Amino acid sequence: YNQPNPLGGGGVSAGTPSPTAVYVYPFQNQFGNSLNGGIQYQYGRNAMIGGGGNYSFVHYAQVSNTPGLSDSNTGGGSVFWNRRLSAGQYLGVLYLYSNITTHPVQTNSDTQTLFGFYTKYITRTVSFSVVGGPQHYFTRNSVSGASAGSWTPAVQGSVGYQKSRTNVAASYSRMVSSAGGLGGVYLLNVASLEAQQKLTRTWSAGANFSYALFKDVTPAVSAYNPGGH
């Protein structure tokens, strides 16, 4: 449960998928940071509950001189219940909440997602996870008063291969989230691949690749950018 962002890589899990994309503007200095915390409690041999919170921001040096570009602040939390069905099967429920605000394009957005997840270890070295459920989003422009909201399906699938010295993981996510630097919320399709190899007892090497395609789902609230990749 320690990989809330598929873009950050890591092993497969049925954790807290929340893909994000940061808008890259040429010749703009950009500063960002994030904070995450969580707690889990195993109340039985095969059952666990837990929750967590997160906060992050993206700030640009000259946002006032760039039409459509905005600083953004994102905060949220999650709770989950997980149960082991057998030695290699896990089933659970996950709830996610996120609030995103932007400035000077003043928008305030909320997303709520209820996931069911299933993880299966096919062998001792190969596993896969499926996470899916309904997601609701609502966005409001604080200046114009325009608002938009809807329900949409959200899903994530991942597969991993792990041995004592080698780890390979691939994942795909589809859900509504923020796009740092742009107002409103966006439908993101994210694919990622990561590999890591332990070279010696104290040295390891790795590489990761990710691709995100995002589309504005609230053009009535913020129509500066229809999307991108």
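All of these numbers come straight from a predicted model, not from anything done at the bench.

Thresholds applied
Residues numbered from 1 in each chain as written. Predicted model: local features only at pLDDT ≥ 70, side-chain atom pairs only at ≥ 80, totals over all residues. Heavy atoms only, no water. Phe/Tyr/Trp six-rings, centres within 6.5 Å; stacked < 30°, edge-to-face > 60°. Buried < 20%, exposed > 50% of the residue type's maximum accessible area, 1.4 Å probe, protein only. Helix = DSSP H or I, 4+ residues; strand = E, 2+ residues; numbered from the N terminus. Contact = heavy atoms within 4.5 Å. Core = buried A, V, L, I, M, F, W, Y, C linked by side-chain atoms within 4.5 Å. pLDDT = per-residue confidence, 0-100. Polar contact = N/O pair within 3.5 Å; in protein donor to acceptor, adjacent residues only side chain to side chain.

**Details of the packing of aromatic side chains**
Phase 1: Taken as a whole, this structure holds five aromatic pairs when the rule is applied.
Phase 2: Each ring, one from Tyr55 and one from Phe57, has its centre 6.4 Å from the other, and the planes form 45°; the classification is tilted.
Phase 3: Classification of Tyr55 as partly exposed rests on a relative accessible area of 38%.
Phase 4: Overall, Phe57 belongs to the buried group, its relative accessible area being 18%.

**Some points on the environment of Val168**
Phase 1: Along the polypeptide, Val168 turns up in strand E9 (residues 166-180).
Phase 2: Judged by relative accessible area, which is 30%, Val168 ranks as partly exposed.
Phase 3: C-alpha separation for the pair Val168 and Leu193, spaced 25 residues apart in sequence, amounts to 7.6 Å.
Phase 4: Leaving out residues up to four positions away in the same chain, Val168 has contacts with Val159, Gly160, Tyr161, Leu193, Glu194 and Ala195.

**Regarding the nonpolar core**
Phase 1: Grouped together as the largest cluster of nonpolar side chains are eight residues: Phe80, Leu94, Leu96, Phe115, Phe117, Val131, Ala154 and Met175.
Phase 2: Grouped together as the second largest cluster of nonpolar side chains are seven residues, Ala179, Val190, Ala212 and Phe214 included.

**Notes on the confidence of the model for the chain**
Phase 1: Here the chain averages 83 in pLDDT, and 87% of its residues register 70 or above.
Phase 2: Mean pLDDT values for the elements of the chain range from 56 in strand E1 (residues 21-22) up to 93 in strand E7 (residues 126-141).
Phase 3: For the stretch residues 1-18, pLDDT sits under 50, and the model shows 57 contacts to residues farther than four places along the chain or on other chains.

**Things to note about the environment of Gln106**
Phase 1: Secondary-structure assignment places Gln106 in the loop between strand E5 (89-103) and strand E6 (107-121).
Phase 2: Placed 36 residues apart in sequence, Gln106 and Ser70 show a C-alpha to C-alpha distance of 8.4 Å.
Phase 3: Here Gln106 is in contact with Arg140, Asn141, Ser142 and Val143, once residues within four sequence places are set aside.

**Considering the side chain of Ser109**
Phase 1: With respect to the helices, strands and loops of the structure, Ser109 is situated in strand E6.
Phase 2: By relative accessible area, which is 0% here, Ser109 ends up buried.
Phase 3: A polar contact of 3.1 Å, which involves the side chain of Ser109, links it to the side chain of Thr139.
Phase 4: Apart from the residues within four sequence positions on either side, Ser109 is in contact with Ser98, Asn99, Ile100, Phe138, Thr139, Gly184 and Val185.

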